[in-house]
Every structure is written in structure tokens, then in C-alpha cells.
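Coordinates in review
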Amino acid sequence: MKSRNMPDRWMRSRHAIAGAWIALTVIAGVPHAHAQSPSGAPVIDAPQSTHRAADTLEHTPALVGAQDAASSASAESAGSAAQNTAPPPAVAAPPRASSVASVSGVATPEPPSDLYGALYRDVELAHLFPDSKTFADMIPDQPPARIVRLYHAQRAVRGFDLRRFVDAHFTLPPRPPAHASVVANASVSDHIRTLWQVLKRDPDRNTSPWSSLLALPNPYIVPGDRFDEIYYWDSYFIMLGLEQDDQHALARAELDNFAALIDRYGHIPNGNRSYYLSRSQPPFFAAMVALIADRDGDQAYVRYLPELEREYAYWMQGADTLKPGHATRHVVRLADGTVLNRYWDARDVPRDESYREDVLTARSMPQRASADLWRNLRAGGESGWDFSSRWFADGKTLATIEVTSLIPIDLNTLMFNLERTLAIAHHARGDAKLARQYQERADARADAIRRVLWDPDLHAFGDDDFVARSLTHRLSAATVYPLYFGVATRDEARDIAQTIERKLLQPGGIATTTVQSGQQWDMPNGWAPLEYLAVIGLRRYGYDDLAKTIAMRWIATNLDFYARTGKLVEKYDIESGKAASGGEYALQEGFGWTNGVLATLLALYPDAAKIAQPAARTASPNATSLPIGASSTSTH
């Protein structure tokens, strides 16, 4: 890894927290270019640029003051890990009347499958609509209980027509066009700016009381097409693009909507639909706060501190009473006392949005308990990787999915960032004690991530099966998370970079996994969020050439598809350049996170549009004029 001096903005940072840590590293005789966080993980600043969105993750990590940092650094790693349990006692978990109950006295709406019972099941299994999500989103013309009574009274009558009954009592919500018309000679950047308006939804002030939509108080951006509601982790990458396109107010509105969901329900659901309330998605809320704070200043951390605390309480619920070797909800306590997190869902029935698919999956493996299968499918939905061989016990079959028995690298890195962000927020509020407690938790988790989730066989981070007490040994692009958030050591970063180049790098970007299972989060598909995390993570540790190669190839993939179709879509086939496939639904247009990442990477690599050559996609993965780095002669 090459070493370089820190850019001036490292020293000019407006964060007093960062300044205190720099002072400590100077006193300790640590060169700035090799400064480490209290967790022991190096954080390398990226080259100075005008790339605003990336700056949030490339500036000094969220740290407590010098005195607190010194105290934290002196704690023994094993002891700290064993104490990584529930939130500090000053913050109580919100009360819950049931597994998915709301807070603040707001009643939790029931999902359509519960409201309609047999009617819902019959409609979905009859396959009246090609997409199971269609009926889940339809709006009834009267109270659900009344429709259910009518259904039970009429369905036994000769000549009853289920489709006619549904058409008589339900309507589809109005939806704008999925994408904007392409203006002749319009650049992709102009097209993205137009798409923000196409994908923008006004505050939900007139939502039907019987709709599955959870009303939001501010404008928001939807991903597009069938995804006509806000989605949790999608929105971080959407916000990157909004910031890049100088739409800070709309980016802040996105964050305010998520804060409102936390205030109302105690957590951020998968999306703002009642049928998503039983689970969340990868917890990017802390990263969103940091993104907004980059423009609004440290008071943003204080402003969203209550929601950061509730987010943490949700993910850590049950940790304080959990015995070694057990798991509950989202937390797992290993035999040595280490507490880490898993994906989980409070329900164990078919997903409303994929009801028919889940029933058929259960039928394909009758020897497996349906409730266990359905909870794992739902947990896969919470992961955002729905679905991937990364979760399959046999590495290829959806019905063997095992998510709740795994400790995932991406989730735990995000939890590290949440703890780290809570430390900076409490420090900004002036509470050194709580800042120190959360920093110690972040340090302990970083140590546990490196100790439990590093896979020496893969030369990358992976997932741990805590039931089998072994790593899964399934390589995926999730290994880039510890690079993006600064958890990896220098040696680990070097190995990850080499592994990415040898095994994941493709003509159109990096692959999600190395397995072709037919699922959408597997080869040959590439996804915008993973490409972005890889690019910025590699830059953070000094692997600028490999980062640029990935970015240029991904940009070329997007631009070539746009040139041929006039569209930006959810995912891309990065091996052949064909339309991506796999999963439970058709390729979606729009598309929120694709737009956000492309806008951000184009700003970071402004020459990409001129250099990118679509023809490179037909060559072998390493046959390109773009710089790959020292190990560019490796094969796949």
C-alpha cells in the first residue's frame, strides 16, 4: 500500500472530535498518514477532491475526545468484546406490546394478509396478478372487515368470480410513469436530474386508512417501478446522488422521514408498508446522519440522537439478558460472551409481497418446517440480498435458505458504524461518559469482526454460522463493508483488494458472488450499492487504481445500457452486458440507487464518460486499458 500525506482538510476538519484524536496521534508519535482509530483499524483518507458525497466516509472516523480515546484504547479487546451487550442504561429500549408493536401510543397497522385472511391467500394462490405485490398494495373501497364478510358470504354462491370480486372492492394506487422520456442528446447526468422529479413523491397526507402504505410527513424518493414506496437502505445511495445534485433539502427530508418512522414504530421498516413492519433493512441510518452532518454541521448528530438511540435499541433488543451460546431477535451471544448481530424477522408466515412464491417454496421442501423457512426468507428480505447463494445451506437452492443462523459481515460493520456514530453524537452533545461507552462498544465490535468474521481461506471477510460454529466460506462483495467503514487492518485490506481483483472483478464491475444460482444477488449481476462501497472502500485504503478500474467499468456498464435503451435499471449483468435477470420479479426501471451511485461516481471520475468503451465488455475481465494495479496479471 502506498503512503501519502493527509490532505489539508484532514487537519482543517470542523469536527473537534477529529482534532482531538489527531492531537493524540501526534503525541503518540504516529504519522498522520498511518493514523488509526481507537479500534486499532487504520483509516486512510482518500485523495483530496470536490467529491462531496464520498467525503463523509473519507474524513476522520467518528471518535471521542483525546482523553476518552486514550481510555478506550487501553481496554483489553477480549474484555471489551464480552461486554458488548445492550445500550448503556441511560437509554432504555422502547416498550413493545408485541413483536412488531409501535411506540408513542401509535397503533401498528396489520398487514393485508392478516386483514383479509383467507381472501388474501385465495387471491395470491389463484395468481390473479403476475406480481404478488400488486394485491398487497391495492386499496380497499371500504373497511377490510366488511369486505371479508362479503367474501365469505358470496364465495360459496355458484358462479362466484374471484377476480370480479377483487376488481369491485379494490383499486390500484395511482402511479406516475416508471421513467422519464429520454430527451434527444441529453446526458445521463441530465437524465438523472429529471428522474429525481419522476421518482419524487409528495407527503402522504391523503392516504386511505385501509391502505398498506405508511404515511410519511415529507417528500421522498422511491426506487421506481414496482417499488413505489421508500426503502431503507436504497435511500442512503439515493441521498448520495441528491447531495451530488445539490438537492440537500430533499436529502434531509429523506432522513426526516426515517426519523419519523423510528419515532412512530421504534425502528425503520424495510419500507413504508404495513407488511414490512416486522423487519428492517441494513441499518444505514447512522451513515445518513453523517451525510447530512457533512453539510449541516455537528448539530445534526445531536438533532437525530434520539432516533439513533432507538435504532440501536431495536437492533440490540434482548442482548442484556442473553446467555452465552444463545440468540434472540437480532442479537447473538457467542460462547465467549461476544455479542454480534444477525438478520431476523418477527413473523414466520409468507411475505405479503411474495406470498405465492413463499408458499410454493415451502411446498418444494415439505420436509422442512414452513415457519422456519418463511422466517428465513423474511430475514433474507431484511438483508437486502433477496436472494443469494450467500444464504443457502447447499449453496444453490432457495428452499435451503439459512439467514437467522448467520452472523453477517455487512450488518455487523453497519452496527459498528452505528455505535461509532452514537459516540460522536454524545460527544457533540457534551456527554463524555456515554460517548466513551459507545466508543468502547465500537472498539469491541471492530475487534470481534476481525476475530470472528475474517476468513483466511477466502482472504476476505465473510459470514459466520454460529449454529455450526464455522465460517460459511462463501465469498461475496459484502467483504467491502469493513473497507468502507474503516474496520479492516492494512493487511486485511491488501488481501481483500487482491481477492476482489482475482475473483470478483468482471468486465462491467464487481460481481456480487462467484456463484450462478439463478438468484438476483449472485453472478452475473452487479448492484450499484456494492460497486460504490467497493470503490470508496478501496480508495480509503490507498488502492486507487483498482477503485478506478471498478468505477470506470461500472460507469461504462450504465452508460452503454442507457445508450441502448434510454433507461437506468435496478441491476446489470456485468459479465455479458445483457439485461440482468434472476429473482422474483422483472428487471425494474428508474432506478433510485443506480441513479445516486452513477451521479456520485461520475463526479468522482469526470473523465469516465469519455473513456468508457462499451466494447470492453466483450473482452476477458482483465483485458482492458484501465489500470488494475500490481496484481493485474491474475486470472479468474
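Residues numbered from 1 in each chain as written. Predicted model: local features only at pLDDT ≥ 70, side-chain atom pairs only at ≥ 80, totals over all residues. Heavy atoms only, no water.

This paragraph deals with the sheet that holds strand E11 (residues 464-465). Reading across from one edge, E8-E11-E12 is the order of the three strands in this open sheet, with antiparallel pairing throughout. Here the strands that pair on one side only, and so sit at the sheet edges, are strand E8 (406-407) and strand E12 (470-471). Two elements, E11 and E12, share two bridges in a ladder whose sense is antiparallel. Each residue of the ladder has a partner; that of Asp-465, found in E12, is Ser-470. (Pairing = 2+ DSSP bridges. Helix = DSSP H or I, 4+ residues; strand = E, 2+ residues; numbered from the N terminus.)

The next point concerns the environment of Gln-437. Position of Gln-437 relative to the elements: it lies in helix H20 (residues 432-452). Put simply, Gln-437 and Leu-422 are 15 residues apart on the chain and 9.5 Å apart in space, counted from C-alpha to C-alpha.

The omega angle of the peptide bond from Asp-386 to Phe-387 is 5°, so this bond is cis rather than trans. Among the structural elements, Phe-387 can be located in the loop between helix H18 (370-383) and E8. Looking along the chain, the bond that leaves Met-523 and enters Pro-524 is cis, with omega of 5°. Of note, Pro-524 is situated in the loop between strand E14 (509-510) and strand E15 (525-526). Residue Arg-329 is not a glycine yet carries a positive backbone phi of 45°. Relative to the helices and strands, Arg-329 is located in the loop between strand E5 (326-328) and strand E6 (331-333).

Turning our attention to helix H13 (residues 248-265). The end-to-end C-alpha distance of H13 is 26 Å, a good match for the 26 Å that 18 residues give at a rise of 1.5 Å each. Among the 18 residues that make up H13, 15 are buried, leaving the element largely enclosed by the rest of the structure. Positive backbone phi, at 85°, marks Gly-266, one or two positions downstream of H13. (Expected span 1.5 Å × (residues − 1). Buried < 20%, exposed > 50% of the residue type's maximum accessible area, 1.4 Å probe, protein only.)

With that out of the way, let us pick up the nonpolar core. Counting residues in each nonpolar core, the largest one holds 172 residues, and the members touching the most others are Phe-237, Phe-284 and Phe-285. Contacts of Phe-284, omitting those with residues within four sequence positions, involve Tyr-232, Trp-233, Tyr-236, Phe-237, Leu-414, Tyr-481 and Phe-485. (Core = buried A, V, L, I, M, F, W, Y, C linked by side-chain atoms within 4.5 Å. Contact = heavy atoms within 4.5 Å.)

Turning our eyes to something else, we now look at the sheet that holds strand E7 (residues 339-341). The strand order E5-E6-E7 describes an open sheet built from three strands, whose pairing is antiparallel. The sheet is open, and its two edges are formed by E5 and E7, each paired on a single side. Neighbour-to-neighbour, the strand axes of this sheet turn through a mean angle of 20°, independent of strand direction. Where E6 lies against E7, three bridges are found, and the strand directions are antiparallel. Its bridge partner lying in E7, Arg-333 is registered against Val-339. (Axes fitted to C-alpha atoms, helices over the stretch in contact; angles between N-to-C directions.)

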